[in-house]
Amino acid sequence: MSNASLPLLWATCVERLKDRTNNRSFWEAIEQTRPLTIDGDSIIIGLDPDKSHYMGVINQGSFQHTIHTAVREVFGRDLKFRLIDGNSIQEWEIVKDREAKAAAARAASAAAAASKPALGQGVYNASWDSVHDAVSRAHSDTPVRTLPQGKARYANEALYILAQAMDNLYPDPPDEASERGVARILDRISHLSDIPAPVLAFELERLRVYLQSVEETEEEEA
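Residues numbered from 1 in each chain as written. Predicted model: local features only at pLDDT ≥ 70, side-chain atom pairs only at ≥ 80, totals over all residues. Heavy atoms only, no water.

Undergrad: Can you lay out unusual backbone geometry for me, pointing to particular residues and giving the numbers?
TA: With glycine set apart, most residues show a phi of negative sign, and most peptide bonds adopt trans. At the junction of Asp172 and Pro173, the peptide bond is cis and its omega measures out at 5° in the coordinates. Residue position: Pro173 is located in the loop between helix H7 (148–169) and helix H8 (176–193). Despite not being glycine, Val144 shows a phi value in the positive range, around 40°. Here Val144 lies in the loop between helix H6 (128–140) and H7. You can call Val144 partly exposed: its relative accessible area is 42%. One non-glycine residue, Asp194, adopts positive backbone phi at about 65°. Mapped onto the elements, Asp194 comes out in the loop between H8 and helix H9 (197–221). Classification of Asp194 as exposed rests on a relative accessible area of 54%. (Helix = DSSP H or I, 4+ residues; strand = E, 2+ residues; numbered from the N terminus. Buried < 20%, exposed > 50% of the residue type's maximum accessible area, 1.4 Å probe, protein only.)

Shown next, in the form of structure tokens:
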């Protein structure tokens, strides 16, 4: 199946979905989507970044069976439905790259935890002090760290380290000591990357939401 045929096929899916649901918010949301590609056993559907607020509507669990059924009927095969915040195949490639990095990071963390049973929770997850040391070492390991792109790469790596550590060290709801531990590390990353700490905190929240969604997707596929 060529990507050239996707717009017409997806338009047919959209019409069937509107016929089979009685929810105006869903109708408005699904009309904003566009097909990007079929990648393996998944159909990749995009939303313009300025319409990303529709993602929550479309991804509601109550609509997933209807979407899956309509896709199977129109495309003649079982395809997993993937909705991304982006409107190009290039942005889908970026999403795949992030997911691959997240999976590799989790595998590395699991391997490290297995090889260091004394920590019990992975190399960086023993305490906030160990996380602080880890993000400092990551800066030393970053090539061209004095250049803007090097600072950006360092900040990205350091936020991944912090996000992984928070899975074990950051309670829900968080206590004051945990909040101060995270703030101290964000200040350290900010100092080394020249990126304001509030900006890093915002990106950290986005990263944690993204990693959680990837983990939930992998659990559903397992």
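Past the structure itself, the notes keep going.
Undergrad: Provide a residue-level description of the pattern of salt bridges, including the pertinent values.
TA: Taken as a whole and assessed by the stated rule, the structure comprises 14 salt bridges. Where Asp41 meets Lys80, a salt bridge forms, and the shortest distance between an N and an O atom there is 3.5 Å. Of this pair, Asp41 sits in the loop between strand S1 (34–39) and strand S2 (42–47) while Lys80 sits in strand S3 (residues 80–85), placing them 39 residues apart in sequence. Classification of Asp41 as partly exposed rests on a relative accessible area of 39%. A salt bridge links Lys151 to Asp194; its shortest N-O distance comes to 2.3 Å. Highlighted residues: Lys151 in helix H7 and Asp194 in the loop between H8 and H9, separated in sequence by 43 residues. The structure contains a network of salt bridges with shared partners spanning Glu15, Lys18 and Glu31. (Salt bridge = Lys/Arg side-chain N within 4 Å of Asp/Glu carboxyl O.)

Undergrad: Describe the side chain of Thr142, naming the residues involved and giving the relevant values.
TA: Looking at the secondary structure, you find Thr142 in the loop between H6 and H7. Judged by its relative accessible area of 9%, Thr142 falls in the buried class. At a separation of 2.7 Å, a polar atom in the side chain of Thr142 contacts the main-chain carbonyl oxygen of Ala138. Beyond its immediate stretch of four places on either side in the chain, Thr142 contacts Gly150 and Tyr154. (Polar contact = N/O pair within 3.5 Å; in protein donor to acceptor, adjacent residues only side chain to side chain. Contact = heavy atoms within 4.5 Å.)

Undergrad: Lay out helix H4 (residues 61–75) with the relevant residues and their values.
TA: Across its 15 residues, H4 extends 21 Å between first and last C-alpha, which sits within 8% of the 21 Å expected from 1.5 Å per residue. Among all positions of H4, only Phe63, Thr66, Ile67, Thr69, Ala70, Val71, Val74 and Phe75 are buried. Here the buried face of H4 lies against helix H1 (6–20), helix H2 (24–31), S1, S2, helix H3 (55–58) and S3. One or two steps after H4, the chain reaches Gly76, where phi turns positive at roughly 70°. (Expected span 1.5 Å × (residues − 1).)

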